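# Coordinate inspection notes
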Amino acid sequence: MKKVYQFEDLLTEKYGKKGGLERDKFDSESLAFRLGVMLKKARKEAKLTQEELAVRTGTKKSYISRIERGQSDIQISTYHKLIEIGLGRTLHISIGR
């Protein structure tokens, strides 16, 4: 019978314990990806283009695109602005423990 793992155990095995360089990098990239997916979904539900969202929030389309692809660091305050001001929604996000 195969051993059953907790997800945290798999992450620790592959990237090391929380607080290590490799693990912190993985956690940061994972969060950026999740935020990007959530932003893109919310933007599409609002029937807005990246350009329209950028205009509403005083950013650039390329910045919105990078966020949606998980390729840009973003502060929670900026994400909050994109969601609440740009999309007219409230922010409900769980980023882990």
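To start, this report covers the structure provided alongside it.

### Here we look at a positive patch on the surface
On the surface, a cluster of positive charge is contributed by Lys-60, Lys-61, Arg-66 and Arg-69. On the basis of relative accessibility, which here comes to 32%, the residue Arg-66 falls in the partly exposed class.

### What about helix α5 (residues 76-86)?
Buried residues of α5: Tyr-79, Leu-82, Ile-83 and Gly-86, and no others. End-on view of α5: buried residues confined to an arc of 115°, all on one side of the axis. One or two steps after α5, the chain reaches Gly-88, where phi turns positive at roughly 65°.

### A few points about helix α4 (residues 61-68)
An α-helical segment advances 3.6 residues per turn. Residues three or four places apart therefore align on the same side. Of the residues making up α4, those classed as buried are Tyr-63, Ile-64, Ser-65, Ile-67 and Glu-68. Buried residues belonging to α4 abut α2 (21-45), α3 (50-57) and α5. Immediately beyond the C-terminal end of α4, within one or two residues, lies Gly-70, with a positive phi of roughly 70°.

### Looking at the pattern of salt bridges
Pairing of side chains with opposite charge becomes possible as their charged atoms draw close. By the definition in use, this model includes six salt bridges. For Asp-27, the salt bridge identified is with Arg-23, shortest N-O distance 3.2 Å. A residue pair is termed a helical-turn pair when its members lie 3 or 4 positions apart in one helix, as Asp-27 and Arg-23 do in helix α2 at four residues. Judged by relative accessible area, which is 25%, Asp-27 ranks as partly exposed. With a shortest N-O distance of 2.6 Å, Glu-68 and Arg-43 are connected by a salt bridge. Residue Glu-68 is found in helix α4, and its partner Arg-43 is found in helix α2; the two are separated by 25 residues along the sequence. Judged on exposure class, the residue Glu-68 and its partner Arg-43 are both buried. Through salt bridges with shared partners, a single ionic network connects Glu-8, Arg-23 and Asp-27.

### Things to note about unusual backbone geometry
Residues other than glycine seldom take positive phi values, yet Lys-47 does so here, at roughly 55°. Among the secondary structure elements, Lys-47 is positioned in the loop between α2 and α3.

What counts and what doesn't
- Residues numbered from 1 in each chain as written.
- Predicted model: local features only at pLDDT ≥ 70, side-chain atom pairs only at ≥ 80, totals over all residues.
- Heavy atoms only, no water.
- Patch = residues over 30% accessible without salt bridge, like charges linked within 9 Å, V, L, I, M, F, W, Y side chains within 5 Å.
- Areas by Shrake-Rupley, 256 points an atom, 1.4 Å probe, with all protein chains shown as cover.
- Salt bridge = Lys/Arg side-chain N within 4 Å of Asp/Glu carboxyl O.
- Lys, Arg positive; Asp, Glu negative; His and termini not counted.
- Charge placed at Lys NZ, Arg CZ, Asp CG, Glu CD.
- Buried < 20%, exposed > 50% of the residue type's maximum accessible area, 1.4 Å probe, protein only.
- Helix = DSSP H or I, 4+ residues; strand = E, 2+ residues; numbered from the N terminus.
- Arc of directions from axis to C-beta.
- Contact = heavy atoms within 4.5 Å.

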